Every structure is written in C-alpha cells, then in structure tokens.
Amino acid sequence: MTNGGVELKTPYYLFDESVLRRHITELYDIREKYTSDDLRFCYAIKANPFLIPYIDKLVDHFEVCSWGELKICMHYKVDPDKIILSGVNKESGMISDALGYGVRVFTAESMHQYDEIVRQVEKTDIQIRLLPRLSNGAQFGMDEHCIEEIIKNRDNHPSVNIFGIHYFTGTQKKKFSKIESELKLLEEFIGRLKSEYGFEPELLEYGPGLGVPYFVGDDFDNYYTVYEELVKYIADAKYSYRVNLEMGRFFVASCGEYVTSVADVKGTPDAPILILDGGRNHISYYGQNMVMKTPIITMDRENDNEAVPCDLYGSLCSFNDMIARAVMISKPQIGDRLIFESIGAYSITEGIYLFLSRDLPAVYIKEADGSCKMLRDSDPTYGINA
Ligand SMILES: Cc1ncc(COP(=O)(O)O)c(C=O)c1O
C-alpha cells in the first residue's frame, strides 16, 4: 500500500472503509430478509476507536466503557444520543462528564454505580434511561436480586427510567446454541420481571459475542451463518422490546490488516526463522494462546511451491514473542512484507505496546474513494517508560 506514491513504512495497521461498509450492508440485508426492524446495531468502540467516524453512519449506537473512550467520542463529536455509557468502573467524574456532554443512556453494573448515577441525575433536572446489567457470574453486572430491587423501587426515582436490561457474557462464540441459551435465560428473567413487578422493558442491550474466523482451518461454515440464525431467532420470537446487538469484533475484524516486514532471516534453509519488525505486541488474535493456531497471513509477492515452513518471531526479545509456526513462505528475504488478515478488532487496543519501548505502529485507513489517509503516525513509546 502506498500513501501519495510512498510505500508505507512497516509495521502498520490498515483499515479498509469499503470492506467495512460492504460487511455491514450485508448485515442489514440479512436483517431485512427477516424484517427484524426492531433489531439495532451498537458498536462497542473498545474494538477499534479509530473506526468511529467511518462506522458512525452505519450503526445506531456506540457502547462506551471508560472515561477515555468517552473522551474519544467527544473528540470525534459523536452525537451524545448515540452513546450508551457502560463500564465496570464508572468514576463519578466520568458520569458527570457524560451527563454534561448530553449522554442520556447508562448501564449500571452494581448497586454502587446505580446509587451514584441516581445521586448525580437527581441533582439536575435531567431525565436518563438506565439499563441494569445482568451478571453471568464474572465481575460484570449485578445478580438478579439486585436488579429486582432496582425495578421494585423504580418509582422512587422518576428521573431514572429503567428501560431495559444489559447482557454480555463473552466473545468469539462460533455456535448459535450458546447464544440461544443466553436469549432463553433472558426471556425467562424478563418474563419474571413482568409477572412479579409489572416491568415491561423497552430494550434488550445484548452482546452476542459473535465469532470471526481468524486461523487456518477455522471451521466456520460461512461468516454470516450464526448471525443469520440469531436474526431469525429474534424475528421469530417477536419480543415486545427492541434488541440492540452490541458488538465489536464481528463488525470490524474483517476490515483490517497488519503489515510487518521481515527484519532478519536465520535458522536453516529448510526451516528458517524470521524476525519481523512488528510482533505480538501489535497482534491480538483471540484464541491464539501458545501459538497453537496459525493466523491467516498473506504476502505482497508470489509465494510459489518452493515454500518452506518458517517460524515467525517479533522484535520483543521475549520468549513469548513467537507469532506463528511453520508458515509456508518461498525464499524468505529481509524486507518481505507479511500481511496479517482480519485484524480490525482489538489488535489496535489490546496490544502490550509498551514492552521493550518499541514504537507504536502507524494507523492508516483506505477510504471509500481508494485514497489512503494516515490516522496516527508511528509514535515512540520510550518516553512513557522513562
Ligand atoms: C459489555 C460488552 N459488550 C460488547 C463487547 C463486544 O464484544 P465482541 O467484540 O465480542 O462483539 C464487549 C467486549 O468485551 C463487552 O465487554
């Protein structure tokens, strides 16, 4: 990839707006097929905040989970009506900044958070809508009993309208059966809230954690199969409430690649070791622990049948920095560029960027008209470590 005719310096991330648009258009087309008008899209910006301006027109809401993420939304001038302020640690300053910015939808992940949100809202004449988050046993959300308490006493706080439930249990789900059992659990819980407390939610804010294919041999029938099963299920269920699908990975993974160059070649001719100018500090493929799986890697040159199995390492001077084993590459040379696919989600935010004080990779977007724009220059980190 070039920018103004100049080859981009590796390592870098490149996101493709057209791929993102095509993918989300496909999601809308499938939704249309089942006429699931009550299904909306909420982008969990933790997956890749750089894409906010590009996905803004394509989704209904943004899930924002930290004060820093809120500040990113302010930076991009995101419509506050699109924001759902979430997060397991909502500092009181984050809540007041959000209220000041115009955010009116909050999740509550604990009684303490609920009390603090109510306290701040009741000092103003603002009305907000609140989604208690149901726990699945981990550190997130509240147990059923706490949510019932909030709902039972909802009339005591008329400026805080409890208007639904928030639920997310985990990511990279490859089968619909797990998602189906979560939806059934929610149906049962919501049914009980209705029968016992007369509570009718308007919204289910639900993160299905849809998975994406990352590795050679991943057994996905089709990128959209589980999504389609989910849409069909929700359409058939004819809920009396709207459902927001709150997702990160599934929206943006496919639109990104990470490009890194071979910085050194050693080992033996039939089993070379390649040192890359990037490393695991820039790459986060969910499920790639212990390098048991091989990400999908392509090259910007012919890779013929003389290919030999190469072990790939990054520049981190750490035994943990093995990236992939036995990737077939013909005549590997210093300067070869390797392209790691499906890196649009989380790599940009989850990397261990400070280790070894290596520079942050640059970030580029290929815009819909084909032009390449730099979103962030490569940035040194040594100053943060000294
Ligand atoms: C509350 C919540 N919603 C949504 C997501 C997005 O998950 P995914 O990227 O699997 O769609 C996350 C991810 O951690 C999350 O914590």
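Above this text sits the structure in question.
Scoring rules and cut-offs
- Residues numbered from 1 in each chain as written.
- Predicted model: local features only at pLDDT ≥ 70, side-chain atom pairs only at ≥ 80, totals over all residues.
- Heavy atoms only, no water.
- Core = buried A, V, L, I, M, F, W, Y, C linked by side-chain atoms within 4.5 Å.
- Buried < 20%, exposed > 50% of the residue type's maximum accessible area, 1.4 Å probe, protein only.
- Helix = DSSP H or I, 4+ residues; strand = E, 2+ residues; numbered from the N terminus.
- Domains from an automatic or database assignment.
- Contact = heavy atoms within 4.5 Å.
- Pairing = 2+ DSSP bridges.
- Axes fitted to C-alpha atoms, helices over the stretch in contact; angles between N-to-C directions.
- Polar contact = N/O pair within 3.5 Å; in protein donor to acceptor, adjacent residues only side chain to side chain.
- Near = heavy atom within 4 Å.
- 1 Å grid on protein atoms, 1.4 Å probe; cavity = no way out; pocket = protein on both sides within 12 Å on 5 of 7 lines; lining within 4 Å.
- Sits in = over half its atoms within 2 Å of the grid points.
- Patch = residues over 30% accessible without salt bridge, like charges linked within 9 Å, V, L, I, M, F, W, Y side chains within 5 Å.
- Areas by Shrake-Rupley, 256 points an atom, 1.4 Å probe, with all protein chains shown as cover.
- Salt bridge = Lys/Arg side-chain N within 4 Å of Asp/Glu carboxyl O.
- Parallel < 35°, antiparallel > 145°, perpendicular 65-115°, else oblique.
- Left-handed = near helix turned anticlockwise from the far one by under 90°.
- Nonpolar A, V, L, I, M, F, W, Y, C, P; charged D, E, K, R; others polar.

(A) How the structure looks around the nonpolar core. L312 and F340 are the most contacted members of the largest nonpolar core, which totals 108 residues. Counting residues per element, this core draws most heavily on helix 7 (residues 176-197), which supplies 8 residues. Each of domain 1 (2-11 + 254-385) and domain 2 (34-247) contributes no fewer than three residues to this core. With near-sequence residues (within four places) excluded, L312 lies in contact with L274, L276, I297, D321, M322, I323, A324, V327, I329, L338 and F340. L8, V259, I339 and C372 belong to the second largest nonpolar core, which has 8 residues in total.

(B) Region of interest: the sheet that holds strand 10 (residues 164-168). The sheet built from 9 strands is open, its strands ordered 9-8-7-6-5-4-12-11-10 with parallel pairing. Every interior strand has two partners, whereas the edge strands, strand 9 (160-162) and strand 10, have only one. Adjacent strand axes in the sheet meet at a mean angle of 25° when their direction is disregarded. Alignment of strand 5 (residues 61-64) against strand 6 (residues 83-85), held across 3 bridges, turns out to be parallel. Each residue of the ladder has a partner; that of V64, found in strand 6, is L85.

(C) Focus on the side chain of R31. Along the chain, R31 turns up in helix 1 (residues 17-33). Among the residues examined, R31 registers a relative accessible area of 11% and is labelled buried. Within the structure, the side chain of R31 is placed 2.6 Å from the backbone oxygen of L39, a separation counted as a polar contact.

(D) Here's a closer look at the site of the ligand. Around the ligand sit A44, K46, E63, R133, F168, T171, G209, E246, M247, G248, R249 and Y346, and those are all the residues in its vicinity. Side-chain polar atom of E246 to a nitrogen atom of the ligand: 2.5 Å apart, as the coordinates give it. Interatomic distance of 2.8 Å between a backbone N/O atom of R249 and an oxygen atom of the ligand. A molecule is said to occupy a pocket when more than half its atoms come within 2 Å of that pocket's grid points, and by this definition the ligand occupies the largest pocket.

(E) Highlighting a nonpolar patch on the surface. A surface patch of nonpolar side chains, about 270 Å² in accessible area, is lined by I352, F355 and L356. The residue L356 is located in the loop between helix 10 (347-350) and strand 19 (362-366) in this model.

(F) Up close: the packing of helix 6 (residues 144-152) against helix 7. Their axes nearest at 11 Å, the elements helix 6 and helix 7 cross at an angle of 40°. On the basis of their axis angle, the class for helix 6 and helix 7 is oblique. Like other packed secondary-structure pairs, helix 6 and helix 7 cross with a definite hand, here right-handed. Along the contact surface, helix 6 presents E144, I147, E148, I151 and K152, while helix 7 presents F189, R192, L193, E196 and Y197.

(G) Main features of the packing of helix 4 (residues 92-101) against helix 5 (residues 111-122). Where helix 4 contacts helix 5, the two axes come as close as 10 Å, and the packing angle between them is 45°. When the axis of helix 4 is compared with that of helix 5, the two are oblique. Between helix 4 and helix 5 lies a crossing of right-handed hand. On helix 5, the residues that touch S92, I95, S96 and L99 of helix 4 are E116, I117, Q120 and V121. Class assignment of the residues belonging to the contact of helix 4 with helix 5 gives a composition of 4 nonpolar, 3 polar and 1 charged.

(H) Representation of the pattern of salt bridges. Taken as a whole and judged by the stated rule, the model has 21 salt bridges. The residue K33 makes a salt bridge to E228 at a minimum N-O spacing of 2.7 Å. Residue K33 is located in helix 1, and its partner E228 is located in helix 8 (residues 225-237); the two are separated by 195 residues in the primary sequence. Accessibility expressed as a relative area gives 57% for K33, which makes it exposed. The residue E182 makes a salt bridge to K173 at a minimum N-O spacing of 3.4 Å. The burial state of E182 is the same as that of K173; both residues are buried. What you see here is one network of salt bridges that share partners, running through E144, E148 and R192.

Take it as geometry only, folks, not as evidence of what the structure does.
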